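Now for the letters of each chain:
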Amino acid sequence: MFAAENGLKGDPRLEAISAAIRVVPNFPKKGIMFQDITTLLLDHKAFKHTIDIFVDRYKDMQISVVAGVEARGFLFGPSIALAIGAKFIPLRKPGKLPGKVISESYELEYGHDRLEMHVGAVEPRERVIIIDDLVATGGTLSAAMSLLESQGAEVVECACVIGLPEVKGQHKLKGKPLYVLVEPSGLEFC
Amino acid sequence: MFAVENGLQGDPRLKAISDAIRVIPHFPKTGIMFQDITTLLLDPVAFKHVVDIFVDRYKHMNISLVAGVEARGFIFGPPIALAIGAKFIPLRKPGKLPGKVISEEYELEYGRDRLEMSVEAVKSDERALVIDDLVATGGTLSASISLLERAGAEVVECACVVGLPKFKGQCKLKGKPLYVLVEPSQFDELTL
């Protein structure tokens, strides 16, 4: 569901967040309108709004773990974790995490990729939110959910700054709710 | 310089931070005692200490920009930037940043790598902080300093959670001060 459908309709912070996201056409390849959140990070107020909205939502939900997907999930997850008193767990590309890991494969447009998590980072029955900058197909978030659930954790929700309009309403990912702040920004004509 | 040499001698937070960092022997290859900060991130109190110490140091230094090195610099940089009212700029591996970028090569033990920065992200005369989890040779941080200076920023300091002991005292990187919280943790066989 989108924030605007869940109590934040008309909240000016959402407009500020959306306006701060830059669209870069044909990146990384032709036809893709890339949603560039680095411009959001340059706008201190809008970046703070993003974190505040997620913190307000999750602070009373007894969340003990925030899991962030490498690399852009690392930009948002730790600040949320710190504010709600939760652990932060990085979900990483293969080979980056030392020690014992579990991994989950997921599909890309062409081919596959893998996500890894430390064994023992999350304990059974911990309540977890997963964060990434954007949800498109949901493949990465689904793989993230599988990793956490395989260790006995309960994924409470997946949270993204940007989501395609098809995740409106009661749309779920592997049975779990999805919370999104804004739709993709439109093309800017410079 | 280390935090203990600069006002934080005996600060119990530094011990909590050091204790929370796990050492993994022979990762990514034989002979390397890897300083694993993911265990620090599992300790919300110790993780908060890290951010608090950096924020206390930088909040009155008129820092307008925090640049974090991919990927572990992305974990520490944004909370600091948010707390001190600064922008956050990700310094990334090649090909990840869209739009106009500048890039700087640096040496690895075997071979070279490159770091990129969005050229539109930085205005002239901005006061910048560079952050990463650990400093060893200083190669990555030096490349980061170059990128920011090429874009017209003034790098005020580089900050790392962990640093090799050689960075004690007035050791500088490309003429810029380095601020480090703790030395590398030792591998404890008993925790196996």
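Our subject is the structure that appears above.
In this report, we go over the structure that sits alongside the text.

Cut-offs and rules
- Residues numbered from 1 in each chain as written.
- Chains lettered and ligands numbered in written order.
- Predicted model: local features only at pLDDT ≥ 70, side-chain atom pairs only at ≥ 80, totals over all residues.
- Heavy atoms only, no water.
- Pairing = 2+ DSSP bridges.
- Helix = DSSP H or I, 4+ residues; strand = E, 2+ residues; numbered from the N terminus.
- Phe/Tyr/Trp six-rings, centres within 6.5 Å; stacked < 30°, edge-to-face > 60°.
- Lys NZ or Arg CZ within 6 Å of the ring centre and 35° of its normal.
- Salt bridge = Lys/Arg side-chain N within 4 Å of Asp/Glu carboxyl O.
- Buried < 20%, exposed > 50% of the residue type's maximum accessible area, 1.4 Å probe, protein only.
- Expected span 1.5 Å × (residues − 1).
- Contact = heavy atoms within 4.5 Å.
- Buried area = accessible area lost by both parts, 1.4 Å probe.
- Right-handed = clockwise from strand over helix to strand, strands pointing away.

**Concerning the sheet that holds strand 7 (residues 127-135) of chain A**
Residues and elements named next belong to chain A. Strand order in the open sheet formed by six strands is 4-3-7-8-10-9, with mixed pairing between adjacent strands. Edge positions in the open sheet fall to strand 4 (87-91) and strand 9 (172-173), since each of these has one partner strand only. Where strand 9 lies against strand 10 (residues 176-182), two bridges are found, and the strand directions are antiparallel. Bridging across to strand 10, Lys172 finds its partner in Pro177.

**Let's talk about the packing of aromatic side chains**
The geometry of an aromatic ring pair is captured by the separation of the ring centres together with the interplanar angle, meaning the angle of the planes. Residues and elements named next belong to chain A. Evaluation of the coordinates by the stated rule reveals eleven aromatic pairs over all chains. Within the aromatic cluster, the residues linked to one another by ring pairs are Phe54, Tyr58 and Tyr179. Positioned over the ring face of Tyr179 is Arg57, at 4.1 Å from the centre of the ring.

**Thoughts on the pattern of salt bridges**
Counted under the stated rule, the structure contains 32 salt bridges over all chains. For Asp56 of chain B, the salt bridge is made with Lys59 of chain B, and the minimal N-O distance between the two is 3.2 Å. Assessed through its relative accessible area of 42%, Asp56 of chain B is described here as partly exposed. Looking at Lys59 of chain B, the relative accessible area reads 41%, which means it is partly exposed. Residue Glu70 of chain B pairs with Arg92 of chain B through a salt bridge whose shortest N-O separation is 2.9 Å. Here Glu70 of chain B, found in the loop between strand 3 (65-69) and helix 4 (73-84), pairs with Arg92 of chain B, found in the loop between strand 4 (87-91) and strand 5 (101-107); they are 22 residues apart in sequence, far enough to count as distant. Of the two residues, Glu70 of chain B and Arg92 of chain B, both sit in the buried class. Look at the salt bridges and you will find they share partners, linking Arg22 and Asp36 of chain A together with Glu120 of chain B into a network.

**As for helix 5 (residues 139-150) of chain B**
Here helix 5 of chain B contains twelve residues, and its C-alpha end-to-end distance of 17 Å stays within 8% of the 16 Å for a straight helix at 1.5 Å per residue. Where helix 5 of chain B ends, the next residue or the one after it, Gly152 of chain B, has phi of about 100 degrees, a positive value.

**Details of the interface of chain B and chain A**
The accessible area lost on association of the parts is a frequent measure of interface size. Residue-level contacts link 36 residues of chain B with 34 residues of chain A. Interface area for chain B against chain A, summed over the two sides, is near 2700 Å², with a carbon-plus-sulfur share of 71%. It is Leu42, Leu82 and Pro98 of chain B in chain B that bury the most area against chain A; as a group they hold 23% of the surface buried on that side. The tally of links from chain B across to chain A stands at one salt bridge.

**Let's talk about the side chain of Ser118 of chain B**
Summarising the element assignment, Ser118 of chain B is placed in strand 6 (residues 112-118). A residue is classified by how much of its surface remains accessible, and Ser118 of chain B, at 10% relative accessible area, is buried. Beyond its immediate chain neighbours, meaning those up to four positions away, Ser118 of chain B contacts Arg22 of chain A together with Leu97, Lys100 and Val101 of chain B.

**A closer look at the pairing of strand 3 (residues 65-69) of chain A**
Residue and element names in this part refer to chain A. For strand 3, a buried count of five out of five residues is recorded, marking the element as mostly surrounded by other parts of the structure. What you see with strand 3 is no split at all: Val65, Ala67 and Val69 on one side and Val66 and Gly68 on the other are buried throughout. By the bridge criterion, five bridges tie strand 3 to strand 4 in an arrangement that is parallel. Bridging from a neighbouring strand, Val66 pairs with Phe88 of strand 4. Between the parallel pair strand 3 and strand 4, the chain is carried across by helix 4 (residues 73-84), and the sense of this crossover is right-handed. The sheet contact formed by strand 3 and strand 7 spans four bridges and is parallel. Bridge pairing in strand 7 links Val66 to Ile129.

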